[in-house]
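Analysis of the macromolecular model
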Amino acid sequence: MKNIIFKIATVGLMLGTALISCTKDLDLKPTNDVTSEVVYSTPLGFKQSLAKIYGSNALTGNAGQAGAPDVFYPGSDEGQNADFFRTFWNAQELSTDEAITSWGDPGLPDFHNLNTSPANLFLHGVYYKSLYQVTLVNEFLRQATDEKLSSKGISGADADAIRKYRPEVRFLRAFQYWVLIDLFGNPPFVTEESVIGGPNPPQKTRKEVFGYIESELKDIETTLAAPRTNEYGRADQAAAWALLARLYLNAEEYIDTAKYTEAALYAKKVIDAGYSLLPDYRHLLLADNHLNNPEFIWTINYDGAKTQGFGGTTFLIKGGIGGDMVSSASGINEGWSGHRSTKALVNKFADPSGATDRRAQFFTGGQQLEIDTVSSFRDGYAVTKYRNVTKSGAPSPNTQFSDVDVPVFRLAEMYLIYAEAFKRGGTADANLALSYLNKLRERAYGNTSGNIVASDITLDYIIDERARELYWEGHRRTDLVRFKRFTEGTYLWPWKGGVASGTGVSNTRKLYPIPSADMNANRNLVQNPGY
Amino acid sequence: MYRPAAYNDKLTWEQTATTNIALDFGLFNNRISGSVDFYLKKTSDLLNDVNQSAGTNFAPIALANVGNMENKGVEFNINTQIVRKKDLSVDFGFNATYNRNRITKLTFSEDPNYEGQRFGGISGGTGSSILINSVGYNRGAFFVYKQVYDANGKPIDNLFEDINRDGVITEKDLYRYKSGNPDVFMGFTGNVDYKRFNLGFIARASLGNYMYNNVHSSTGIQRNIINPLNYLSNGSSNVLESGFTGSGQRFFQSDYYVQNASFLRMDNINIGYNIGKLFNDKATLRANANVQNAFVITKYKGADPEINNGIDNNFYPRPRTYVLGVNLDF
C-alpha cells in the first residue's frame, strides 16, 4: 500500500514539475528571428528601419523581384500589385488621355474605362502600400521617442541622427496620406498613437486628413534638413514645401476652399532654394538621372542591381516597348507591349516628331495615331520618355531592371504650380509666372522661339503645358480632376469611359472605391458614393 | 533593411469541447461488431487567416482567432466476418459519418448585418475571394452570384439574379451557397481469402461536398483563349459549354462554377497469391498486385473532386499507381 502511495506521489510530482516547466517554456523569445527589441537597440537598427520605409516605395518586398511581398492578398501578383509607383501610375495615368494599355488583366482596362470596382487588385496595391508605409512610419515613431532612445543607451550624436529621421518619416507619412486622399477621398486614419493589432481605425474625411497633412508638414518644415543638403533620395525641407504647394493647389477640390496664395508661396520657396532646370529635357528620365541633377526635389530611386522588381521605371520602360521598337535602344532586354499614348496627348504638341518641342518623345514607326483596337500595341504612339541608357547614350550595366529614378517632385512642377496659382487668383507675381513658364519653353525649344507672352497664360494653356511637361510622371488624373475635365463630357479623349470617341461618366468616378478587402475588414469604413 | 512582420499578440489556442454518446456492439460471437457515436463538438477561438484593417498591422492578412463553431453529427461503423471456413473467409467493413457544422460566433463584429469574413483567394479573378465564414452558416460557404440560365439550361453571360431586388447587381447580391465540406463521409473495406488467394479493397465516399472549379473559371473563357495580344492560350473546354466571353469580373464569382464534387474513390485494390514453399522448404514465395487510386466515380467536371478547402486551382493530380510484387523469404 505504502508503495502505491509513493508511486502516485512520484507521478504527481513529476506531472507537477512538467507542468510548471512547460508553462515557463512557453514564455520564449523567438530564437530564429530578430525582434523589435534587438532592431531598435542600435543606431544601425534605426537606420535599417528607415531604409525599409524609404525602400517600400521602390521595392515590392524583401526578397527582390518576388517571394516576400510587403502586401499580399489572395489572387494578387507581387510584380503587378505590390509595387507602389506601378499601381499609383496605373491609377493616375491609365485613367487619362496620356496613357492606355493593351493588357487585359482583370481590372486593368477598367482604369481607362473609368469603371473600376472595389475588387480591383491594382487599387488594392496602391491603397495597402500607402497604408503599409504609414504603419511602418507609426512604428518607427513609437520606437524613436526620446525616452526609448535613452532607455536603450543611445545618446549624443547617434541620438541626434535618429531625431533627424523623425521629421523625414513624418514627411513620408504625409505624402502617403496625400496619395490616399487624392485617390480614395476618406481614408482610415492611424498615427503613432495607434497600436498594432488594435481596434479598427476610424475613417477620416478628406478635409480632416488634409488638415493633418498640412499641420504635419508645417510642423516639420523647420526640422527637416535644409534643401539639397540631405542624402540623395531622402526628404528635405524643399520636399515638404513641394508637397504643401501641390496640396494647396488642389485645395479647392479637396476641401472646397481655395488656397492659391499658399500654393504660390510654397512653390516659390522651393524655386528659391537653389534648384535649376536640367539643361536637356531628354536627360530627365535616363539611367544616370541621379547624377548632377539640379532639378529633382524628391525621388523614388531605382537601381538595376539593388532594387530589382517588376514595378517602377522597369515597368514603365518595358511596358512601353512593343511593335517595331528595339528594346536595346531603351537599354533594356525586353518589351511587354503594354502602354501607349492617345492622340489627345500627341496633338498637344505642335510637332510630335520632337524636332520643335524636345519634350515630344514618341515612337511612331509602325504605330498609328488612332486607336482602333485598345488591345493592339500598334494603335497609338509609343512613348520613349523613360530609357535605361545614360546621357552619353550607353546602355545601363543592368539591362533587366531599370536604373531610372522617378522624380516625385521636380522644379518644373513648381514653376507650373506658381503660374497656375497666379492665374487662379492667388497672390503672386505676374512677371515671375510668365518667366517661369518661359523657362520651360526655352528648355523645350532650345531657344526663345516657343516663348509666350502674358496674354497667353490661360488655364487651357496651363493644363496643356502640364501634359507636355509632366506626361507619364503620375500627375494627370489629379490635374484633370482639378480642371473639371476628368469625368465631365466637356473634354474627351480616345476610349475615355470605354467608348472609342470618348464619353463623360458619373462624377462619382473622380474618386476610386475603397478596396473591398478593407471594406470587409474595417467596419468603420463607408464606401465612396457610386460604388 | 529590417522589415517588421505582422503579429497578433492576442492570439490564443483553439479549444474544442466534445460531448459524445456512443454504443458499441458485438453480435454472433463478434462476427458482427461495430459502434454508433453521436457527438457535439464546440470549438472556440477558431484560427484562420483574416483581412487586417489597413493600418493596424504589417500585412493585409494575418492569423487571428476568428470565432466559434459547432459540429454535430453521428459516426457509425460496422465490421462483419461474413464467412469463416477452412478455405474461405470473407470480411467486410463499413463506416459512415454525418456531420453538420455551423459558425456560431465571429469575433470581429457583433453586428448582425456583418456579412462575415471572406477568404479563399482564386486565380484569374481580381483579388476576389470565393469563400466566406458567416454566423449561422457552414464554415467556408461559397459566396457567389446566382447565375441566370436560358431555356436550354445554358448560362447567360454576365446575367445574375438581383437577390436584394434593388435593380442593380452589386456585391450585395452575393449569396452563400453550399461549401467544400461534405455532409457524409463513408469508408468501405473488404477482404477475401480463398485458399492461397487473397483479395482486398479499400474505398471511400464523400457526399455533399462542392467545389469551386477555378480551372474552368480562369481558363474556360474566351478572353483567356483568344488573347488580346494576338496569341492563343491554353484553355479549358468548358468555354464551349458556358460560352462566357470573360468581360466584366463578376462571372468569376458565379455559382455556375460551384460544382457537386461528391465522389466514391477506390483507394486500393490488391490481389495476392501464396505460391508456397520452394527449395526444399528453404524459402517461401508470394506474388501480389496492387492498384492505388484505382478509380473515382463523380459528377465533378475537374481533374479531382477531392481537394481540401473546395477550390480547384491547378491541383497536382493524384497518380494511379500499379505495383506488382514478388516476395521471396528465406
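Structural notes, computed from the coordinates. (Residues numbered from 1 in each chain as written. Chains lettered and ligands numbered in written order. Predicted model: local features only at pLDDT ≥ 70, side-chain atom pairs only at ≥ 80, totals over all residues.)

The next point concerns helix α3 (residues 43–58) of chain A. All names here are of chain A. For α3, spanning 16 residues, the distance from its first C-alpha to its last is 23 Å, which sits close to the expected 22 Å at 1.5 Å a residue. Taken together, the buried positions of α3 are occupied by G45, F46, S49, L50, K52, I53, Y54, G55, S56, N57 and A58. Structurally, α3 contributes buried residues whose contacts are with α2 (36–39), α5 (84–94), α7 (121–143), α9 (156–184), β2 (296–300) and α14 (312–319). (Helix = DSSP H or I, 4+ residues; strand = E, 2+ residues; numbered from the N terminus. Expected span 1.5 Å × (residues − 1). Buried ≥ 20, exposed ≤ 12 C-beta atoms within 10 Å, placed from the backbone. Contact = placed C-beta atoms within 7 Å.)

All right, on to the sheet that holds strand β5 (residues 117–121) of chain B then. Residues and elements named next belong to chain B. Across the sheet, 4 strands lie side by side as β5-β6-β7-β10; this open sheet has antiparallel pairing. With one partner strand each, in any of the chains shown, β5 and β10 (175–179) form the two edges of the open sheet. Each neighbouring strand pair of the sheet contributes to a mean axis angle of 45 degrees, computed without reference to strand direction. Where β5 meets strand β6 (residues 129–133), 4 bridges bridge the pair, whose relative direction is antiparallel. Counted as the bridge partner of G121 is S129 from β6. (Pairing = 2+ DSSP bridges. Axes fitted to C-alpha atoms, helices over the stretch in contact; angles between N-to-C directions.)

Turning next to the nonpolar core. A242, A245, A267, V270, Y415 and Y418 of chain A are the most contacted members of the largest nonpolar core, which has 138 residues in total. In terms of residues, this core owes the most to one element, α9 of chain A, which gives 13 residues. With near-sequence residues (within four places) excluded, A267 of chain A lies in contact with A245, M414, I417, Y418 and A421 of chain A. Judged by nonpolar contacts, the second largest core, of 28 residues, contains A141, I221, F251 and Y257 of chain B. (Core = buried A, V, L, I, M, F, W, Y, C linked by C-beta atoms within 7 Å.)

Helices that pack against each other are described as a pair by the angle of their axes relative to one another and the distance between those axes. All names here are of chain A. It is at 8 Å that the axes of α5 and α7 come closest, and there the two elements cross at 125 degrees. Taken together, α5 and α7 sit at an angle that is classed as oblique. The element α5 and its partner α7 pack so that their crossing is left-handed. Contacts between α5 and α7 pair F84, T87, F88, N90 and A91 from the former with F122, L123, G125, V126 and K129 from the latter. Residues belonging to the contact of α5 with α7 are distributed by class as follows: 6 nonpolar, 3 polar and 1 charged. (Parallel < 35°, antiparallel > 145°, perpendicular 65-115°, else oblique. Left-handed = near helix turned anticlockwise from the far one by under 90°. Nonpolar A, V, L, I, M, F, W, Y, C, P; charged D, E, K, R; others polar.)

Turning to helix α16 (residues 411–423) of chain A, a few remarks are in order. Residue and element names in this part refer to chain A. For α16, which comprises 13 residues, the first-to-last C-alpha distance of 19 Å matches the rise-based estimate of 18 Å (1.5 Å per residue) to within 8%. Counting buried positions along α16 gives 12 out of 13 residues, so the element sits mostly inside the fold. When we look at burial in α16, the residues that qualify are L411, A412, E413, M414, Y415, L416, I417, Y418, A419, E420, A421 and F422. Buried residues along α16 sit against α11 (237–249), α13 (260–271), β2, β6 (406–410), α17 (430–445) and α18 (459–470). Just downstream of α16, G425 is the residue with a positive phi angle, here 105 degrees.

A few words on the packing of α16 of chain A against α18 of chain A. Residues and elements named next belong to chain A. It is at 10 Å that the axes of α16 and α18 come closest, and there the two elements cross at 170 degrees. With respect to their mutual orientation, α16 and α18 come out roughly antiparallel. Where α16 approaches α18, its residues A412, E413, L416, A419, E420 and K423 are matched on the opposing element by L459, I462, E465, R466, E469 and L470. Along the lines of polarity and charge, the residues of the contact of α16 with α18 split into 6 nonpolar, no polar and 6 charged.

A word on the pairing of strand β11 (residues 184–194) of chain B. Residue and element names in this part refer to chain B. Both strand β4 (residues 88–106) and β11 contribute to a ladder of 11 bridges, which runs antiparallel. The residue of β11 that forms the bridge with Y98 is V184. Pairing of β11 with strand β12 (residues 197–207) involves 11 bridges; the strand directions are antiparallel. From the neighbouring strand, F185 faces β12, where its bridge partner is S206. As consecutive antiparallel partners, β11 and β12 are separated by 2 residues, and within that stretch K195 has a phi angle of approximately 50 degrees, a positive value.

Turning to the environment of L172 of chain A, a few remarks are in order. All names here are of chain A. Inspection of the secondary structure assignment puts L172 in helix α9. Linking L172 and V134, residues 38 residues apart in sequence, is a C-alpha distance of 7.8 Å. With residues up to four places along the chain from it excluded, the contact list for L172 reads I53, Q133, V137 and A235.

The next thing to look at is the sheet that holds strand β18 (residues 321–329) of chain B. Residues and elements named next belong to chain B. Pairing within the open sheet is antiparallel, and its 9 strands lie in the order β1-β2-β3-β4-β11-β12-β15-β16-β18. At either margin of the open sheet sits one strand with a lone partner, and together these are β1 (15–27) and β18. With strand direction ignored, the average angle separating the axes of adjacent strands in the sheet is 15 degrees. The pairing of strand β3 (residues 61–84) with β4 spans 17 bridges and is antiparallel. Note on β4: the bridge partner recorded for N77 is N95.

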